[in-house]
Number of protein chains: 2
Amino acid sequence: MADVFAWSNFFTPLFPKLSWGQTAPILAATHELDADSAALVLPGVLLSLVVVYLASKFGGELSNRLGFPPVLGELVAGVIVGISALHLLVFPESGAQSSDSAIIQLLQTTAGLNSQSAEAVFNAQSEVVSVLSELGVILLLFEIGLESNIKSLMAVGYQATIVACVGVAVPFAAGTAGLMLLFGVPAIPAIFAGAALTATSIGITSKVLSEIGRLNTKEGQIILGAAVIDDVLGIIVLAVVASLAKTGEVDVMNVIYLIISSSVFLLGSILLGSFFNKTFIRVANLLKTRGGLLIPALVFAFLMSYLGAVIHLEAILGAFAAGLVLDESDETLELQKQVIPIADMLVPVFFVCVGARTDIGVLNPTVPTNQEGLIIAIFLIAVAIVGKIVTGATVFGQGKMNRLAIGVGMIPRGEVGLVFAGIGSASGTLSKPLQAAIIMMVIITTFLAPPLLRIVFRDELEPASESGSPNLNSQNQSPFVQESAMIKECFNQDSSAGIPEQASNLSKE
Amino acid sequence: MADVFAWSNFFTPLFPKLSWGQTAPILAATHELDADSAALVLPGVLLSLVVVYLASKFGGELSNRLGFPPVLGELVAGVIVGISALHLLVFPESGAQSSDSAIIQLLQTTAGLNSQSAEAVFNAQSEVVSVLSELGVILLLFEIGLESNIKSLMAVGYQATIVACVGVAVPFAAGTAGLMLLFGVPAIPAIFAGAALTATSIGITSKVLSEIGRLNTKEGQIILGAAVIDDVLGIIVLAVVASLAKTGEVDVMNVIYLIISSSVFLLGSILLGSFFNKTFIRVANLLKTRGGLLIPALVFAFLMSYLGAVIHLEAILGAFAAGLVLDESDETLELQKQVIPIADMLVPVFFVCVGARTDIGVLNPTVPTNQEGLIIAIFLIAVAIVGKIVTGATVFGQGKMNRLAIGVGMIPRGEVGLVFAGIGSASGTLSKPLQAAIIMMVIITTFLAPPLLRIVFRDELEPASESGSPNLNSQNQSPFVQESAMIKECFNQDSSAGIPEQASNLSKE
């Protein structure tokens, strides 16, 4: 039957050498692919997933035993299997050829893949793995949305908005001014670099928060809310600087469109939430065949993700909104449990791929361009960290609150920051050193945030280990124990239910 | 962040116009794809999945209410959304262009996809959906393997082997002889058509068996065992006839290689089963982070699938073997529950895509070539059904047993039969009418088997509804009820646990 699946396509790499996001037009080269080779796309994907899973478990478990959030280990393991080291997981957009991919070489030796089809299989497999990682982050944000209580998120909406705005303004101003005054960088590239400092990676922050069981604390809710708004602001800033870089002036209409569409989308989904929720429950109760609860939820999540993507917001914002509006009920509590294994299957693909795509070569000081970049990078990293931490201080009222944690939670720039670097270099705005510096800043802030977040929350972690659900790290218990744990979880109003609190459990040990 | 995911590839269709499996060499055409368009691959996939899910639920629920197995409804719904009708889900290998895809047109209107990149996005999206459907059938067979008890399967191994051999020999002999004597078809095409009659679609049969809760009856085990062996035999027969068609003589070495490799693979995995099982449990108990049970299982399943694929067996045989050797234990019972939502998410993609790829145009009698084909088809269908039913009679001893059911269970030819048609037409061996006739035979047997299987088992369905698990069609019950159901299920030695018995529940209503 393998041949039935021999319906594959024909690929050529899209992108010139660049480690990250890229919008340059593409030159096509062609490679012949016969059906026998096309049948090897699936084995290629299967091997890639095996690599992803082994990396995520080795990294995650080790990181967990060392007291760090598992996601940090997954990122680092991703770097090890990726373009920077083992070349098991490489992507064409980094300029890699099939000959750079250890998996393709394995297919050539084990599965008789001929070298002339290797390029096509390599690209097909990379394309599929990329989409799987995108589905992974969509499911992560959908799960986070399900766990988040819309009311408690609305309750901190005001502070979250202020934190987000300050968290965008301060790093942008400090970064742009600093580059122009201290390093004599021209205005437009300086603005570009400043813009790259505004982003917040909601994926990494939210994952860490749920791993340490802090998602539904007031701090967690403010961070999450601010990260969402920050993501939207980041997209608007990107539109501004991108048009600045291209035409030298700002495309006001586009900016207005983005502001309106994003507000309508987020507020609209919140206002229509109860309607969506009722409809979902009615449909779920109507269906009697397998997946009667899961499939309607996925349809809703994927439709919202589609909307988010096509109005030039992000797919993940749609997924988060979808999860958020499915309010707590017997159905959604059961749904949460069904989404967990799916997230466990797909989310690691995202984090390992983020690591695998990170070319830490830019950190090599022996490369001349890196040296200048390193100095700028140190400045950018300082601004990136200080700029977000001070925003935490802007949270007013609220009596005793971990303002430092809020600031730290906003530090990781993640993928968003890299989009700026990618677009900047594509438009030729950024000098090589400045681009390298931005990439370094993103890498450092992304990898620094998880352990920092653990530290600033450590003093309060003990109580957390009481709440939340043990069922996911209790696979070695008898089904009975697990079931009762699940039942508890169903009525556990701390809706971080289902997320194990490894770090806190560890700190107890 | 959408742009981060704008790392796409560049595609052109692989195949000349042909509805199914195809091994002809490929001519490449190229299409420009810029990153903005590449970012639309994800929305395309999301929309495709939404279509798949809506189709699977509408079809499955309706079919269920009518007393048919849900999978039949999914297949039919697939035909409706596919190449035969709505063109929502079309694949390039059928010769479809992006302009034939309703989803691509929607992307062009809603997401500003430019027509010159449409082809590339269309092919990228189709590639991803194809692999998702392949992962779907892999997870289906893994789940079936987990539900099957290796001992009870071994217990019927002898009968299963005989049923499989007779089930291959009888249709092959009758089909080939009949075509040569009654229709004056030359030897090689007749042998080709006869070979296409030998296959059994394990995917469809096993899905129906678990849907009606008959997987772990003696009949179910014999059908499953025979279907697996049949699949292996089918691959060997395919190798024989393919080399016959190509060179006019049989590549003996290749046949010997296939016989040895397949035997080593299946027997080896069974013999090493207890070792794999112990290792899996040890690893699962070692891991403390999320997915500590699921990820090792997926690594094992995907590795076995990879092995199955690269030794020119099938990926799904590897997945089945992997599930089979994970013997019943607390861990695997918990694992079964975690695999259910993943299967619910991915399996419908497979069945809806099988339907969507089916071009029922070949059934149109107004097309001249179809008329000749229809007559041959009627003969082939008769042989296909009678040929398998008589094999059921060959089951000896065993006292009271539903021999008819065993025969009927072997009827669906599914994808395997279509590989023959594809290779046959690619090698130019088959005349257009004969090829159409084979495709018709496959369609009819595939769509006929599920309802027939329901009928031959109907008389015994009542007791079945007591066993098995209600938890999946009890989403509208309170979590408590569901949990207790799950606990029951954990110790339910009828390991069809987790599979709802819709049909039987219905027959009770």
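The name given to chain A in an unreviewed UniProt entry is Cation:proton antiporter, with Floridaenema evergladense BLCC-F167 as the source organism. Listed in UniProt under the heading Subcellular location (unreviewed entry), the comment for chain A reads: "Membrane". According to its UniProt record, chain A has this under Sequence similarities (unreviewed entry): "Belongs to the monovalent cation:proton antiporter 2 (CPA2) transporter (TC 2.A.37) family."

Chemist: Go over the packing of aromatic side chains, please, and point to the residues and values.
Modeler: Applying the stated criterion across every chain yields a total of 10 aromatic pairs over all chains. Measuring from ring centre to ring centre gives 4.8 Å for F276 of chain A and F300 of chain A, while their planes differ by 45°; the resulting arrangement is tilted. One end of the pair, F276 of chain A, is in helix α12 (residues 273-286); the other, F300 of chain A, is in helix α13 (residues 294-310), and 24 residues separate them in sequence. Accessibility expressed as a relative area gives 21% for F276 of chain A, which makes it partly exposed. With 5.1 Å between their ring centres and 70° between their planes, F350 of chain B and F351 of chain B make a pair best called edge-to-face. With a relative accessible area of 2%, F350 of chain B lands in the buried category. Ring-pair connections join several aromatic residues into one group, and the members of that group are F275, F276 and F300 of chain A. Here the guanidinium or amino end of R357 of chain A rests over the ring plane of F91 of chain A, the centre of that ring lying 4.0 Å away.

Chemist: If you had to explain the packing of helix α7 (residues 157-183) of chain A against helix α10 (residues 218-247) of chain A to someone new, which residues and values would you point to?
Modeler: Describing two packed helices takes the angle between their axes plus the distance from one axis to the other. All names here are of chain A. It is at 8 Å that the axes of α7 and α10 come closest, and there the two elements cross at 45°. Relative to α10, α7 is oriented oblique. Here the hand of the crossing between α7 and α10 comes out right-handed. Contacts between α7 and α10 involve Q159, A160, T161, V163, A164, C165 and V168 on the former and, on the latter, I222, G225, A226, I229, D230, L233 and V237.

Chemist: Explain the packing of α7 of chain A against helix α16 (residues 368-393) of chain A residue by residue, including any values.
Modeler: Residues and elements named next belong to chain A. Relative orientation of the contacting elements α7 and α16 amounts to 150°, with a least axis distance of 9 Å. Classed by the angle they form, the pair α7 and α16 counts as roughly antiparallel. Relative to α16, the crossing made by α7 is right-handed. Side by side, α7 and α16 meet where V163, V166, G167, V170, P171, A174, G175, G178, L179, L182 and F183 of the first sit next to I375, I376, F379, L380, V383, G387, K388, V390 and T391 of the second.

Chemist: Residues and numbers for helix α16 (residues 368-393) of chain B, please.
Modeler: For α16 of chain B, built from 26 residues, the straight-helix expectation of 38 Å at 1.5 Å per residue is met to within 8% by its first-to-last C-alpha distance of 39 Å. Taken as a whole, α16 of chain B carries its principal kink of about 30° at L374 of chain B.

Chemist: Can you explain the side chain of R290 of chain B? Please cite residues and give values.
Modeler: For R290 of chain B, the position within the fold is in the loop between α12 (273-286) and α13 (294-310). When its relative accessible area of 12% is taken as the criterion, R290 of chain B is described as buried. Side chain to side chain, R290 of chain B and E143 of chain A meet in a polar contact 2.9 Å long. From its side chain, R290 of chain B meets the backbone oxygen of I340 of chain A in a polar contact 3.3 Å long.

Chemist: I'd like a rundown of the pattern of salt bridges, residues and numbers included.
Modeler: The final tally for this structure, using the stated rule, is 12 salt bridges over all chains. In this structure, the salt-bridge partner of E143 of chain A is R290 of chain B, at a minimum N-O distance of 2.9 Å. With E143 of chain A in helix α5 (residues 115-147) and R290 of chain B in the loop between α12 and α13, this pair bridges two chains. Residue E143 of chain A shares its accessibility class with R290 of chain B, and that shared class is buried. What you see here is one network of salt bridges that share partners, running through E143 and D344 of chain A together with R290 of chain B.

What counts as what
Residues numbered from 1 in each chain as written. Chains lettered and ligands numbered in written order. Predicted model: local features only at pLDDT ≥ 70, side-chain atom pairs only at ≥ 80, totals over all residues. Heavy atoms only, no water. UniProt positions renumbered as here; feature names shortened; annotations may be inferred. Phe/Tyr/Trp six-rings, centres within 6.5 Å; stacked < 30°, edge-to-face > 60°. Helix = DSSP H or I, 4+ residues; strand = E, 2+ residues; numbered from the N terminus. Buried < 20%, exposed > 50% of the residue type's maximum accessible area, 1.4 Å probe, protein only. Lys NZ or Arg CZ within 6 Å of the ring centre and 35° of its normal. Axes fitted to C-alpha atoms, helices over the stretch in contact; angles between N-to-C directions. Parallel < 35°, antiparallel > 145°, perpendicular 65-115°, else oblique. Left-handed = near helix turned anticlockwise from the far one by under 90°. Contact = heavy atoms within 4.5 Å. Expected span 1.5 Å × (residues − 1). Bend = angle between axes of the 7 residues up to and from the residue. Polar contact = N/O pair within 3.5 Å; in protein donor to acceptor, adjacent residues only side chain to side chain. Salt bridge = Lys/Arg side-chain N within 4 Å of Asp/Glu carboxyl O.

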